[in-house]
Amino acid sequence: MPPTPPPTVRTSTVDDGPFALAPAPPAPRRALLLAALFALLLALVVLRWGPLLSLDTAVTGALHRTAVAAPGWTRLNRVLTDRVWDPWTMRAVLAAAVGLLVRRGERLLGVWVAATALAGTGLQQGLKAVVGRARPVWPDPVDSAHYAAFPSGHAMSVVVAGALVLWLLRLHGARPLWRWTARTVVVVSAVGVGFTRVYLGVHWPSDVVGGWLLGGALVAGAAAAYHGCVPRTDWPGAARGTGWPS
């Protein structure tokens, strides 16, 4: 008689059926970690910590000299920062996502995404006003920007929009290829917009890092709150047993 196979542990992909499309709630620790790192950076900026200011000055100065000497490359960076990765472009992406969610009958999730994006804009503008950090000043500027410097609105907008899209794809059970492609686009966009802001001389590197950290903390916190407050049966795909088309 052949040996009896050992019992196996059934995973959620078998037991939960349609619920397997909804991933495990993101750890709130991720949001807390990003928020703590942002708070530390904010303190260093407010206290005008010498090593941070020296690093900001050195990096921004070196990139600005390159921008002045390479007008063609500078024009490309201005197109990228003012058109491709502009905050209004990111808002348009999120508006399209919210519209799609509402059309699919997922109004609560659409409101959640919209509220997160609005909170990001308000938080960013409020911090700019409170911190009041001056932008770099050059005798030969290649670009200009308004309002205070910290945190970078461009960097934060790209991270908020990109992280929300990635969360929605995961929440709807998108195939790994779609998620990997989207993740690549988001990472390239976040790094790219951060580079353009410093290269064009309108931000210090720490402004960009602050925007990344704050945007990541906001979306991680919003996602964790959604998973904690919304019953699992109301998550996308739970009722229909299908995720987004792949």
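Owing to the predicted nature of the structure, the values given are computational and were not obtained by experimental measurement. (Residues numbered from 1 in each chain as written. Predicted model: local features only at pLDDT ≥ 70, side-chain atom pairs only at ≥ 80, totals over all residues. Heavy atoms only, no water.)

## What to know about empty space enclosed by the protein
With a probe scaled to a water molecule rolled over the atoms, the places where space remains empty come into view. What the rule picks out here adds up to one cavity of 30 Å³ or more. Lining the largest cavity, in full, are Pro-87, Met-90, Arg-91, Leu-94, Ala-117, Gly-120, Thr-121, Gln-124, Met-156, Ser-157, Val-160 and Ala-161. Contributing elements (two or more residues each) for the lining of the largest cavity: α5 (87–103), α6 (107–131) and α7 (153–171). Along the lines of polarity and charge, the residues of the lining of the largest cavity split into seven nonpolar, four polar and one charged. (1 Å grid on protein atoms, 1.4 Å probe; cavity = no way out; pocket = protein on both sides within 12 Å on 5 of 7 lines; lining within 4 Å. Points joined across faces, edges and corners; volume = space filled by probe spheres on them. Helix = DSSP H or I, 4+ residues; strand = E, 2+ residues; numbered from the N terminus. Nonpolar A, V, L, I, M, F, W, Y, C, P; charged D, E, K, R; others polar.)

## Focus: the confidence of the model for the chain
On average, the chain scores 87 in pLDDT, and the residues at 70 or more come to 83%. In this model residues 7–25 is a low-confidence stretch, pLDDT under 50, and it forms 28 contacts with partners more than four residues away in sequence or in other chains. In this model residues 239–246 is a low-confidence stretch, pLDDT under 50, and it forms 17 contacts with partners more than four residues away in sequence or in other chains. (pLDDT = per-residue confidence, 0-100. Contact = heavy atoms within 4.5 Å.)

## Some points on unusual backbone geometry
As a rule of thumb, non-glycine residues mostly have phi less than zero, and peptide bonds are mostly trans rather than cis. A cis amide bond links Phe-150 to the next residue, Pro-151, at an omega of -5°. Tracing the sequence through the fold places Pro-151 in the loop between α6 and α7. Within the chain, Arg-48 stands out as a residue other than glycine whose phi angle is a positive 55°. You can see Arg-48 is positioned in the loop between α2 (28–46) and α3 (50–69). Arg-48 gets classed as exposed once you look at its relative accessible area, which sits at 60%. (Buried < 20%, exposed > 50% of the residue type's maximum accessible area, 1.4 Å probe, protein only.)

## Description of helix α4 (residues 71–84)
Look at α4: 19 Å from first C-alpha to last across 14 residues, which is about the 20 Å you get at 1.5 Å a residue. Taken residue by residue, α4 has Thr-74, Asn-77 and Thr-81 as its buried positions. Projection of α4 onto a plane perpendicular to its axis shows the buried side chains occupying an angular sector of 60°, all on one side. Opposite the packed face of α4, turned more than 90 degrees from it, sit the exposed residues Arg-75 and Arg-83. Buried positions along α4 lie against α3, α7 and α8 (176–199). (Expected span 1.5 Å × (residues − 1). Arc of directions from axis to C-beta.)

## Description of the environment of Ala-39
Tracing the backbone shows Ala-39 in helix α2. Between the C-alpha atom of Ala-39 and that of Gly-210, which follows or precedes it by 171 residues, the distance is 9.0 Å.

## Quick notes on a nonpolar patch on the surface
Together, Val-187, Val-191, Val-209 and Trp-212 make up an exposed nonpolar region whose accessible area comes to about 310 Å². Take Val-191: it is sitting in helix α8. (Patch = residues over 30% accessible without salt bridge, like charges linked within 9 Å, V, L, I, M, F, W, Y side chains within 5 Å. Areas by Shrake-Rupley, 256 points an atom, 1.4 Å probe, with all protein chains shown as cover. Salt bridge = Lys/Arg side-chain N within 4 Å of Asp/Glu carboxyl O.)

## What about the environment of Asp-207?
Tracing the backbone through its elements, the reader meets Asp-207 in helix α9 (residues 205–229). For Asp-207, a relative accessible area of 0% puts it in the buried group. For the pair Asp-207 and Arg-197, spaced ten residues apart in sequence, the C-alpha separation works out to 9.3 Å.

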